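# Survey of secondary and tertiary structure
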Amino acid sequence: MTGFARRDVLMAGIMGAVASPLVARTDIPPSLDVLARRKGLRFGSAISWGTAGADRGSIANPPYARLVAAECGVIVAENEMKWQALRPSPTAFAFERFDAIVAWAESKRLATRGHNLLWHQPKWLPRWLNSYDFGATPKREGERLLTTHIDTVLARYGKRIESYDVVNEAVRPSDGQLYDTSLSTAIGGAEATLDLAFHTARAGAPRAELVYNDYMSWEPGNASHRAGVLKLLEGFKRRGTPVDALGVQSHLVTQGLDARASVTRLERDWRQFLDAVTQMGYALVLTELDVRDNGLPTEITPRDRAVADFTKGYLDVTLSYPAVRDVLSWGLCDRYSWIEGFEPRKDKALRRPTLYDREFRPKPMREAVAAAFAAAPPRNRAT
Ligand code: 9MR
């Protein structure tokens, strides 16, 4: 099938259009999740909550929700399970939005990943927690707050969520040290706080996959971040902290037009890191794939090509590790990606970080992910 015909068929499905009677159903290209499953992997995406009619990457936006349901086997709430969303105050929980996302996923027979139970940085904790009075027995109060939060979330979702980012981004990229927060100061140290989070999660969800999730990546400038994460993972092993997998966020940054040359340059250090992680016995989950199209021309065709080739190179190397179980993109459509707000391009051209363009048309990056799944070695899935 030509690129155009494939795109039209896929679009017909996503946009809810009536497929042409001339097109046999067998011509519908397999979804990314179907391709992933052939290798024992799963494919998924982030999705948000939103009001009906709002132009957001949400469950209430029909074209976006259809796209996610069509391509994915697993979803993750982009923001709605975070403390900032769930915890308006020390005593309250606000589950409505995350509940709606989990219910939507179940109605589409999609699995849900939980992101996250503790984002270990003051910047990402609710304001009330940063200025909280832990009272006369701060350790006990800090432990009570953290364990109550985790217990409550796990009790509510039980077996409905089988993989959690228990701790998110605890390592400071500049020097590899752990952050401190009001909670960890009260509890008496960052390591003790993270350990408590994982032990509480294991007790509350004994069968769930427990993940430490971070954005140490393969581009230059990440060496101390990677070293810090390795040190943290070694510490977890030494202390018997129940951590099953490393979440490799995979917010990639292109390094210029020659993607092949970039991949060749980056591969060695990346393999060294993944070798170290997997030799410790951790599984790997690619949790937040997207691409910042830096150092690339404004013109769309070469830009999309380089993004796709860089993605393919990254996935080829990373999926060669059978320890990788899931690949999730951080949103599926350029229109709703966080990257535009985070770091706009210097030339003011709109970012193109995901698999589908602003009109929900598949981009070369989608083909790159599909090709990487097709090329990946098969693996056994226990779950
Ligand atoms: O994409 C998310 C954005 O909408 C939020 O404003 C932000 C803060 O909650 O978090 C973004 O998602 C982040 C994820 O939770 C953790 N890894 C980095 C992601 C991009 O910043």
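Now for a look at the structure at hand.

Rules and cut-offs
Residues numbered from 1 in each chain as written. Predicted model: local features only at pLDDT ≥ 70, side-chain atom pairs only at ≥ 80, totals over all residues. Heavy atoms only, no water. Helix = DSSP H or I, 4+ residues; strand = E, 2+ residues; numbered from the N terminus. Buried < 20%, exposed > 50% of the residue type's maximum accessible area, 1.4 Å probe, protein only. Contact = heavy atoms within 4.5 Å. Salt bridge = Lys/Arg side-chain N within 4 Å of Asp/Glu carboxyl O. Near = heavy atom within 4 Å. Polar contact = N/O pair within 3.5 Å; in protein donor to acceptor, adjacent residues only side chain to side chain. Areas by Shrake-Rupley, 256 points an atom, 1.4 Å probe, with all protein chains shown as cover. Nonpolar A, V, L, I, M, F, W, Y, C, P; charged D, E, K, R; others polar. Phe/Tyr/Trp six-rings, centres within 6.5 Å; stacked < 30°, edge-to-face > 60°. Lys NZ or Arg CZ within 6 Å of the ring centre and 35° of its normal.

### Considerations on the environment of S262
Mapped onto the fold, S262 is located in helix α11 (residues 259-279). With a relative accessible area of 1%, S262 lands in the buried category. In this structure S262 touches Q255 and F310, once residues within four positions along its chain are discounted.

### Some points on the pattern of salt bridges
Under the criterion given, the structure shown has 29 salt bridges. Put simply, R366 and E71 hold a salt bridge, and the shortest N to O gap is 2.6 Å. With a gap of 295 residues between them, R366 in helix α14 (residues 364-375) and E71 in helix α3 (residues 62-71) connect regions that are remote in the sequence. Judged on exposure class, the residue R366 and its partner E71 are both buried. Residue R366 is classed as buried on the basis of its relative accessible area, which comes to 1%. Residues joined by salt bridges that share partners form a network here, namely R292, D293, R303, E343, R345, D347 and R351.

### A look at the site of the ligand
The environment of the ligand is made up of 13 residues, and the closest members are E78, K82, H115, E169 and E288. A distance of 2.7 Å is found between an oxygen atom of the ligand and a side-chain nitrogen or oxygen belonging to K82. In isolation the ligand has 460 Å² of accessible area, and contact with the protein removes 79% of it. The residue makeup of the shell around the ligand, split by class, is 4 nonpolar, 5 polar and 4 charged.

### Regarding the packing of aromatic side chains
Across all of its chains, the model carries 17 aromatic pairs by this definition. Centre to centre, the rings of F198 and F236 are 5.2 Å apart; their planes meet at 65 degrees, and the pair counts as edge-to-face. Remark: F236 occurs in helix α10 (residues 223-239) and F198 occurs in helix α9 (residues 190-204); sequence separation between them is 38 residues. It is R97 that lies over the ring of W49; its NZ or CZ is 3.9 Å from the centre. Its end group placed over the ring of Y282, K237 keeps NZ or CZ at 4.4 Å from the ring centre.

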